[in-house]
Amino acid sequence: MVTVDTVLLKLASRCNLDCHYCYVYNMGDEGWLAQPKRMSPEVIDSAVAQLSLLASSQDVPFSVVFHGGEPLLIGAERFDVVCAALRGALPPTCGLHLQTNGLLLSDAVLRTCMEHDVGVSISLDGPAAVHDRHRPDRRGAGSHSRVMEAVRRLSEHPAGSRLFTGVLAVVDLASDPGEVYSFLKSTGAPSMDFLYRDGNHDEVPVGKASPLSTEYGDWMCRLLDVYLADRRPVPIRVLDDMLKLLMGGISRKEGVGLDAYGILVVDTDGSVRKNDTLKSAFGAADRFASGWSVTTHDLRQVVASKEFAVYHHAQRPSSPVCLSCPDLRVCGGGMPAHRWRSETGFVNPSVFCADQRLLIDAMRDILSRRMLAA
Ligand code: SF4
């Protein structure tokens, strides 16, 4: 049976920002239109009850990540109800985390996070000129100043150092990686992580001339140089994961390496979904044929089912190119969503293959030079 390590709980299906690169709203999938705007009390009760049963059936705890849309659109009061119910139902080893754009990160929400030990990660792409280029609100106005207000409120909170887990940025190729890194570091965030713009072999990610070009790899190599030259670096999750894998260790999160992560999504209406980034490949790619819901099905049986095992196994690279690749152990073939091509499905290398090879080569080179110098 698959072990679940991450549950994305979609507390709200809408967002108060209109980020140009969002795979939920702006990459062709329209499933969100059929979802209720907020998770109802009935669905919350079912989700909590099912997650409690699932937790007790596993030896290893999972983390629940409050996600959306923008999860805080559920409202501060109902957010408190969800957190209290999960804390009461799950073992203390299960983590609770909030991934938010920050606009609704009020004092009341922070109080809830403090009381129920909820880690907070804020989506922030860099300084205002970078962030506002692709993260406007619904009226087209920049959101940076409001996000920075949330960062300040979180940092200055008495429990801020415990609650603030990091910032999550999407790479903007037009930005300077050193400037982005310095800015994110200046926020006081204890860690940062970077995502590539989503895309696949049919829809090449914004900024890439072709699957063979290396614009994202070039950007990440420049980030790597700045990061390794910093005497007081703030950890960058994706670079640390890749460096650890190169040195024989393991990764912490999906997207690199060969460990398959047990990711389960509960949508706003209670339906059980696959990793939602799959929506960027084609419409409804995140749906299970079985039509499971936490309101009608036992999550332990869902996770033990053949269909769930097939979904879980699909994270493993299957392209012959990847299977004979010397960088497979570090790259892992990339995110399944990034492998998509309509003729061959997911049996392809990542559309970021050339970028990853460039970055891994640069890391290998740096590590071998450092070992020789030691
Ligand atoms: S995507 Fe490219 S770099 Fe990654 S494992 Fe496959 S062939 Fe290797």
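Anything mentioned here points back to the structure above.
Residues numbered from 1 in each chain as written. Predicted model: local features only at pLDDT ≥ 70, side-chain atom pairs only at ≥ 80, totals over all residues. Heavy atoms only, no water.

Engineer: How do you make sense of the state of the cysteines when you look at a structure like this?
Structural biologist: As used in these notes, a disulfide is a covalent bond between sulfur atoms, one from each of two cysteines. Here the structure, examined in full by the defined rule, presents zero disulfides. Just so you know, cysteine 19 is unpaired, no disulfide at all, and the nearest cysteine sulfur is the one on cysteine 15, 6.0 Å from it. For cysteine 19, a relative accessible area of 9% gives the class buried. (Disulfide = S-S within 2.5 Å. Buried < 20%, exposed > 50% of the residue type's maximum accessible area, 1.4 Å probe, protein only.)

Engineer: Explain the side chain of serine 121 here, please?
Structural biologist: Along the chain, serine 121 turns up in strand E4 (residues 118-123). When its relative accessible area of 13% is taken as the criterion, serine 121 is described as buried. Only 2.9 Å separates the side chain of serine 121 from the side chain of glutamine 99, close enough to count as a polar contact. (Helix = DSSP H or I, 4+ residues; strand = E, 2+ residues; numbered from the N terminus. Polar contact = N/O pair within 3.5 Å; in protein donor to acceptor, adjacent residues only side chain to side chain.)

Engineer: Looking at this structure, how should I read the packing of aromatic side chains?
Structural biologist: The geometry of an aromatic ring pair comes down to the distance between the two centres and the angle between the two planes. Inspection of every chain in the model, using the stated rule, returns 13 aromatic pairs. Measuring from centroid to centroid gives 4.5 Å for phenylalanine 282 and tryptophan 340, while their planes differ by 45 degrees, and the two rings are tilted. With a gap of 58 residues between them, phenylalanine 282 in the loop between strand E8 (272-273) and helix H10 (299-304) and tryptophan 340 in the loop between helix H13 (328-331) and helix H14 (353-373) connect regions that are remote in the sequence. By relative accessible area, tryptophan 340 is classed as buried at 13%. Between phenylalanine 288 and phenylalanine 308, the aromatic rings sit 5.8 Å apart at their centres with planes inclined by 25 degrees, giving stacked as the arrangement. Taken together, the residues span a long stretch of sequence, with phenylalanine 288 in the loop between E8 and H10 and phenylalanine 308 in helix H11 (residues 306-313) at a distance of 20 residues. Here phenylalanine 288 falls in the buried class, since its relative accessible area comes to 6%. Cluster of aromatic residues (ring-pair linked, three or more members): Phe288, Trp292, Phe308 and Tyr311. (Phe/Tyr/Trp six-rings, centres within 6.5 Å; stacked < 30°, edge-to-face > 60°.)

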